[in-house]
Amino acid sequence: MTAVTRQQVLGLYRKIFRIAKKWQSASGQTEETIQEKEYIKNEAKTLFRKNKNVTDPKLIKQCIEECEARIEIGLHYNIPYPRPVHLPPMGLAHKQGRTLRHQEKLRKISKPIYLKSHDEIS
């Protein structure tokens with residue numbers, strides 16, 4: 001990892017904890033705010049620890065983009081949780097054959113960047 005990339009990653013880590021420190025839930029309830037703050041901190045710790053040994057520059061760039069996307073979405077919608085994608089599991093394909101395999105491949109490719117790591121740790 002280059003020094004610039006390392007500084008960028010550490011900057012994102014610090015930014016997440018600053019956001020968590022100032023976070024207010026959409027409902028304004030103290031209990032919900034505390035839960036959301038803890039979720040933000042735990043999610044950041046889990047994902048950063050999981051990816052600490054990543055050395056491939058392309059994968060590091062993808063992780064940074066995912067982190068930035070999740071920060072922006074969370075701040076915009078005022079929810080710390082990743083926004084789910086609502087597609088029926090097999091709504092577009094027949095139950096067998098090449099079409100099914102093709103649809104599964106398209107679903108995997110079309111998954112939003114902010115959900116790439118969420119399914120791996122959940």
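Residues numbered from 1 in each chain as written. Predicted model: local features only at pLDDT ≥ 70, side-chain atom pairs only at ≥ 80, totals over all residues. Heavy atoms only, no water.

Chemist: I tried to follow the packing of helix α1 (residues 3-22) against helix α3 (residues 57-77) on my own but got confused; where do I start?
Modeler: Axis angle and axis distance: for two packed helices, these are the angle between their axes and the distance between the axes, and together they describe the pair. Remark: α1 packs on α3, axes separated minimally by 11 Å, with the N-to-C direction vectors making an angle of 25 degrees. As far as their axial angle goes, α3 and α1 are roughly parallel. For the crossing formed where α1 meets α3, the hand is left-handed. Where α1 approaches α3, its residues Thr5, Gln8, Val9, Leu12, Lys15, Ile16 and Ile19 are matched on the opposing element by Ile60, Ile64, Cys67, Glu68, Ile71, Glu72 and Leu75. A per-class count over the contact of α1 with α3 returns 9 nonpolar, 2 polar and 3 charged. (Axes fitted to C-alpha atoms, helices over the stretch in contact; angles between N-to-C directions. Helix = DSSP H or I, 4+ residues; strand = E, 2+ residues; numbered from the N terminus. Parallel < 35°, antiparallel > 145°, perpendicular 65-115°, else oblique. Left-handed = near helix turned anticlockwise from the far one by under 90°. Contact = heavy atoms within 4.5 Å. Nonpolar A, V, L, I, M, F, W, Y, C, P; charged D, E, K, R; others polar.)

Chemist: How do you make sense of the packing of α1 against helix α2 (residues 30-50) when you look at a structure like this?
Modeler: Taken N-terminus to C-terminus, the directions of α1 and α2 make an angle of 165 degrees; their axes are 8 Å apart at the nearest point. One way to sum up the angle between α1 and α2 is to call them roughly antiparallel. Crossing angle aside, the handedness with which α1 passes α2 is left-handed. Touching Val9, Leu12, Tyr13, Ile16, Phe17, Ala20 and Lys21 of α1 are Lys37, Ile40, Lys41, Ala44, Lys45 and Phe48, all from α2. Looking at the contact of α1 with α2 residue by residue, the classes come out as 9 nonpolar, no polar and 4 charged.

Structural measurements only, silent on function.
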